[in-house]
Amino acid sequence: MSPEKIRERIQAVLPDAQVVTSGEDCNFAVEVTSGQFEGKKPLQCHRMVNDIFKDELADGRLHALSIKTKTPG
Amino acid sequence: MSDQEQEILARIDEQVKNNPVVLYMKGTPQMPTCGFSSRTAEALVNTGEKFAFVNILADPLIMEHLPKYQEWPTFPQLYIDGELQGGCDITLEMAESGELKKMMAEANAKQQETA
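All residue numbers refer to positions counted from 1 along the written sequence of the respective chain. The naming scheme follows written order: chains are lettered A onward, ligands numbered 1 onward. At least 70 in pLDDT is required for a residue's local features to be given in this predicted model, at least 80 for side-chain atom pairs to be given and counted, and no such filter applies to totals for whole chains, interfaces and linings, which use all residues. For side-chain calculations, the full set of non-hydrogen atoms in the structure is used, while hydrogens and water are omitted.

Asks: Looking at this model, I keep getting lost on the nonpolar core. Mind explaining?
Replies: The nonpolar side chains of a soluble globular protein tend to be buried with one another. The set of buried Ala, Val, Leu, Ile, Met, Phe, Trp, Tyr and Cys residues whose side-chain atoms join them within 4.5 Å is what this entry labels a nonpolar core. Per-residue accessibility, obtained with a 1.4 Å probe over protein chains only, is compared with the maximum for each type, and a residue is labelled buried under 20%, exposed over 50%, and partly exposed between these values. Residues B:I12, B:Y24, B:L66, B:Y79, B:I80 and B:L100 are the most contacted members of the largest nonpolar core, which totals 29 residues. Of all the secondary structure elements, the ones that give two or more residues to this core are α1 (3-18), β1 (21-25), α2 (35-47), α3 (60-69), β3 (77-80), α4 (88-97) and α5 (99-114) of chain B. The numbering of helices and of strands both runs from the N terminus, where a helix is a DSSP run of H or I of at least 4 residues and a strand a run of E of at least 2. At 5 residues, the largest contribution of residues to this core is made by β1(B). Only heavy atoms enter the contact rule, under which two residues are in contact if any of them lie within 4.5 Å. Ignoring any residue separated from it by four or fewer positions in sequence, one finds B:Y79 in contact with B:V16, B:P20, B:V21, B:V22, B:Y24, B:L66, B:Y69, B:Q70 and B:L84. The next biggest cluster of nonpolar side chains, apart from the first, holds 17 residues, and it includes A:V19, A:V30, A:F37 and A:I67.

This is the structure:
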């Protein structure tokens, strides 16, 4: 998966998200900043990002997705 | 859901509820076989608190069905006091804030009281 594709997929669900990616192929790290994480526990925020890549994580197209979630400001 | 799947999910549930702190990981804390499992186990060891672990590579059925248990797609997975905390990233954040040691200590103390 390309970094552009990762960003597009996240922004389709979280339109306000700022997405910074690093890593390559099937092993990515993303830092996502979105107002929708406001007031949520880390587990819930990570779940929102994991859910976007549910199929890829299940079938191994993505082996690992390292996630950092932040709120703006 | 197949009988086998139900049986495995029941086994996971028992492990999670019977251990105050349990880490599902690839390999062991001494011999981790994945970078994420390695960093997570190290964070737990560094708290000095007791924890249980399950080497999912030694138990392929658990590895296959664990993602369905709490709808969490990746490994490692950390459970404290019966509740999923998250994977490597969240555990490291909790370790940094000091929350990890606190939660582990509380969960361990709670079990001793009831034992």
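Additional details are given in the paragraphs that follow.
Asks: What's the story with the environment of A:S34 in this structure? I'm lost.
Replies: Residues and elements named next belong to chain A. Counting through the fold element by element, S34 comes out in the loop between β2 (27-33) and α2 (42-52). Given a relative accessible area of 0%, S34 falls into the buried group. Taking C-alpha positions, S34 is 18 Å from L65, a pair spaced 31 residues apart along the chain. The residues touching S34, leaving out its near neighbours within four places in the chain, are L14, D16, A17, K70, T71 and P72. Any pair of nitrogen or oxygen atoms within 3.5 Å is treated as a polar contact; in protein, a donor-acceptor pairing is required on top of that, and neighbouring residues in sequence qualify only through side-chain atoms on both sides. Within the local environment of S34, its side chain forms a polar contact with the backbone nitrogen of Q36, the two atoms lying 3.0 Å apart.

Asks: Explanation requested: the layout of surface pockets in the structure shown.
Replies: Gaps left between atoms are located by rolling a probe of water-molecule size over the structure's atoms. Grid spacing is 1 Å over the protein atoms alone, the probe is 1.4 Å, and a cavity is where that probe fits but cannot get out, while a pocket is an open set with protein on both sides within 12 Å along at least five of seven lines and lining residues have an atom within 4 Å of a point. Grid points are joined across faces, edges and corners, and a volume is the space filled by probe spheres set on the points. Computed from the structure, the largest pocket encloses a volume of approximately 660 Å³. Every element with two or more residues in the lining of the largest pocket is listed here: α2, α3 (54-59) and β3 (64-70) of chain A together with α3 and α4 of chain B. Charged residues are taken to be Asp, Glu, Lys and Arg, nonpolar residues to be Ala, Val, Leu, Ile, Met, Phe, Trp, Tyr, Cys and Pro, and polar residues to be all remaining types, Gly included. Looking at side-chain class alone, the lining of the largest pocket contains 16 nonpolar, 7 polar and 7 charged residues. In this structure, the second largest pocket spans a volume of roughly 260 Å³. Lining the second largest pocket are A:K41, A:P42, A:L43, B:E83, B:L84, B:Q85, B:I90, B:E93, B:M94, B:S97, B:E99 and B:M103. For the lining of the second largest pocket, the elements supplying multiple residues, two or more each, are α2 of chain A together with β4 (83-86), α4 and α5 of chain B. Looking at the lining of the second largest pocket, the element that brings in the most residues is α4(B), giving 4 residues.

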